[in-house]
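In case you want the letters, here they are:
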Amino acid sequence: MKKLWINELKENDLLADQIFLVVEKATPMAKNNKQYMTLKLSDKTGVIEGRMWDNVEKYNNFDQGDFIKVTGIVNSYRDNLQIVVKHTEKIDGTDIDLRQFVQSSEFDLDEMVETLFDFINSLEGKYIKKLLNKLFSNAYILESYKMSPAGVKLHHAFLSGLLEHSLSVTSLCNKMVTHYRDELDIPINRDLVIAGALLHDIGKIYELDYEKGFKYTTEGQLIGHVVIGYQLMNDMANLIEGFPYKVKMHLGHIILAHQGRLEFGSPKTAMSMEAFIVHSADELDSKINMLKNNIPYLDDKNKDKVWSPFLKNLDSNYAVNSSDDISKLKDNDIIQRRRYLELENGKIKQSKLTEKDKKQPKSLF
Ligand SMILES: [Fe+2]
Ligand SMILES: [Fe+2]
C-alpha cells in the first residue's frame, strides 16, 4: 500500500500496514479497569496521536523508538485527527531511512555545512581557528553535529536542528558584533563570539540520541550538554601544542555560561561581553523557534482564535500571528487595542475593566 503521509491524512481514511515511528507510548487503565494504549506516531511530515482500545495485551510488544506497521482508521477527536488503531506489527528498523520518519531542518544540509566552514574560515586567531578545524575534521563529530536535533521537544527538535540553531545563533552574534563593535565602537573579540556561538551546544551531540526518535542519553542525563561541550572543547584544545590558556578559559566560560542562569544548567552566569552576546543570541533564537512552532497562524482553521494556549516554557499566552491580516482580529481584541491607544493619548485616566475583560490574558501591548 502506498505510504500515506501524516499531513495528508483525512477523517475516515483507512490505514493498512502503514509504517510509523513510535514517539510516545503509554498503556493506562480506563475507568472500567480495561487497559488501553495511547500513542504518538511520527513521520517526516508530522506527529499524530493513536488510540488502541481493544486487544492491547496482544499488541503490547513494542516501545517508544520502535517502527511499527499500523492498521486502523482516522478519526476526528476535539478537532484533532487521531488514528484508532486496530492492530500493530513491530518491524526491524535497521534499513529504514530515519529522515522519512522524523522531521528534518528545512534548510539544505550541504549549504549549512558550507556556512559552518565559512564562519570557521572567517576566524583570525591562529589557535582558535585550528581548534575549530580540528573539531570539525573529526568525522564522528561533524556527522553528529550535522544530524543531531537541538532538543527533544522544546526548540529545533528535528534532524539537523543543532546545526540550524547553531548557525542561526552564530549569524545573530555576527550581526551583534557588527552593530556593537564596528558601529558603536565597543571592544568585542569577534573570534571568541563566533567560536563560542558555534560550540555553545556542541555537547548535544553526546547529550541527545536521535537514532530511534529523540531522547536523552545516559551521559546527557548525568552530565548535560553544557559540561560535555566544555570538556570536549578542552580536550581538543589540549591536543594543540601551545594553545593559549586564556583563549581556552574564555571560550570555556562562554560554553559554561550560555544557558544564562544557574537553574537552566549553566554553572556560571555570563561574565564577559562575549559570553553575554552568545547567551542573548541563544536565548532569542530558541524562544523565537518555540514561538514559531506554537503560535497558531490566522488561517481558515484558526480564524476564531486570538490567543495561543498558555505556553509553559515561555510563561505566557501569545497572540496568534496576525501580521498579514489584521482585519480578522475579533471585536474584543480591537477594543483592547483602542483602549491602549486612548490611554497612550491621555484620553482615559483610569480604565475600568469588566469581569469579561479580566478573564482575558494580559494585553500584549
Ligand atoms: Fe544549550
Ligand atoms: Fe543553544
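Residues numbered from 1 in each chain as written. Chains lettered and ligands numbered in written order. Predicted model: local features only at pLDDT ≥ 70, side-chain atom pairs only at ≥ 80, totals over all residues.

Quick notes on the overall build of the protein chain
So the rule is basically this: Secondary structure elements are defined from DSSP: runs of H or I of at least 4 residues count as helices, runs of E of at least 2 residues count as strands, and each element is numbered from the N terminus. The exposure scheme places C-beta atoms from the backbone and then counts, for each residue, the other C-beta atoms within 10 Å of its own, assigning buried at 20 or more, exposed at 12 or fewer, and partly exposed in between. For every residue pair, C-beta atoms are placed from the backbone, and the pair is scored as a contact if these atoms sit within 7 Å.
Helices and strands together make up the secondary structure of the protein chain, namely 13 helices and seven strands. Counting every position in the protein chain, which comprises 365 residues, the buried fraction comes to 29%. Once local pairs closer than 6 in sequence are excluded, the contacts in the protein chain between residues at least 24 apart make up 56%.

Focus on the pairing of strand E4 (residues 67-77)
Put simply, side chains in a regular strand alternate between the two faces of the sheet. Rules: Between any two strands, at least two bridges found by DSSP are needed for them to pair.
As paired elements, strand E1 (residues 14-26) and E4 share six bridges and run antiparallel to each other. Across the sheet, residue Leu15 finds its bridge partner in E4, namely Gly72. In this sheet, strand E5 (residues 80-91) lies alongside E4 in antiparallel orientation, the contact comprising 11 bridges. By the bridge assignment for E5, Val70 is matched with Thr88.

Notes on helix H9 (residues 225-238)
An α-helix turns once per 3.6 residues; consequently, residues spaced three or four apart project the same way. Rules: Expected helix span is computed as 1.5 Å times (number of residues minus one).
Its 14 residues place the ends of H9 20 Å apart at the C-alpha level, agreeing with the 20 Å of an ideal helix rising 1.5 Å per residue. Among the residues of H9, those classed as buried are His225, Val226, Ile228, Gly229, Tyr230, Leu232, Met233, Met236 and Ala237. Along its buried surface, H9 packs onto helix H3 (126-136), helix H6 (190-199), helix H7 (204-207), helix H8 (218-222) and helix H10 (245-257).

Notes on the confidence of the model for the protein chain
Heads up, the rule is: Every residue gets a pLDDT, meaning the predictor's confidence in that residue, from 0 to 100.
Overall, the predicted model of the protein chain reaches an average pLDDT of 86, with 85% of residues at or above 70. Contacts for the low-pLDDT stretch residues 348-353, under 50 throughout, to residues beyond four places or in other chains number five contacts. In this model, residues 356-365 is a region of pLDDT below 50 whose contacts with residues beyond four sequence positions or in other chains number eight contacts.

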